[in-house]
Amino acid sequence: QVQLVESGGGLVQAGGSLRLSCAASGSIFRIMGWYRQAPGKQRELVATITSGGRTNYGDSVKGRFTVSRDNAKNTVYLQMNSLKPEDTAVYYCYCNRNHGYTRDFWGQGTQVTVSS
């Protein structure tokens, strides 16, 4: 069974940095990345990266966040710099594969809180 284990969330002051990690079980995923959801808001794209290294970022995080992955460890990372209070949300790891009964997988979420 696929499991996504997230780590690295926490409380940080505006302008600071955090690094999130998500370790996935199973085979290599086509897409790995991060979405986030603030209370009362829709879940939104943060960043994704394909197995070939192609990245996609939400407009609000471009230039501040960097997504990367280690395929040998089946782990995706999110380096978050220049954090803003509006980055406060629950961050969910996301993985997608092009085979199997279930194609999309989500982590349980990790809280990121940025104080002003």
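A brief look at the structure comes next. Just so we're clear, the structure is a prediction, and the values are computed from it rather than from any experiment. (Residues numbered from 1 in each chain as written. Predicted model: local features only at pLDDT ≥ 70, side-chain atom pairs only at ≥ 80, totals over all residues. Heavy atoms only, no water.)

## Considerations on the state of the cysteines
Quick reminder of the rule: Note on terminology: disulfide denotes any pair of cysteine sulfur atoms within 2.5 Å. Numbering of helices and strands runs from the N terminus; a helix is a DSSP stretch of H or I covering at least four residues, while a strand is a stretch of E covering at least two. Buried, partly exposed and exposed residues are distinguished by accessible area as a fraction of the type maximum, computed with a 1.4 Å probe on protein chains only: under 20%, between the cut-offs, and over 50%, respectively.
For the structure on display, the rule yields one disulfide. The residue that forms a disulfide with C22 is C93, at a sulfur-sulfur distance of 2.0 Å. Here the S-S torsion is close to -90 degrees, and the disulfide linking C22 with C93 is therefore left-handed. Linking C22 in strand β3 (residues 18-24) with C93 in strand β9 (residues 89-96), this pair joins segments that are 71 residues apart in sequence. A single burial state applies to C22 and to C93, both of which are buried. As a non-bridged cysteine, C95 has C93 as the owner of its nearest cysteine sulfur, 4.3 Å distant.

## With respect to the pairing of strand β4 (residues 31-37)
Operational definition: Between any two strands, at least two bridges found by DSSP are needed for them to pair.
Judged from the six bridges that link them, β4 and strand β5 (residues 44-50) form a sheet pairing that is antiparallel. Bridging from a neighbouring strand, Y35 pairs with L45 of β5. As consecutive antiparallel partners, β4 and β5 are separated by six residues, and within that stretch G40 has a phi angle of approximately 75 degrees, a positive value.

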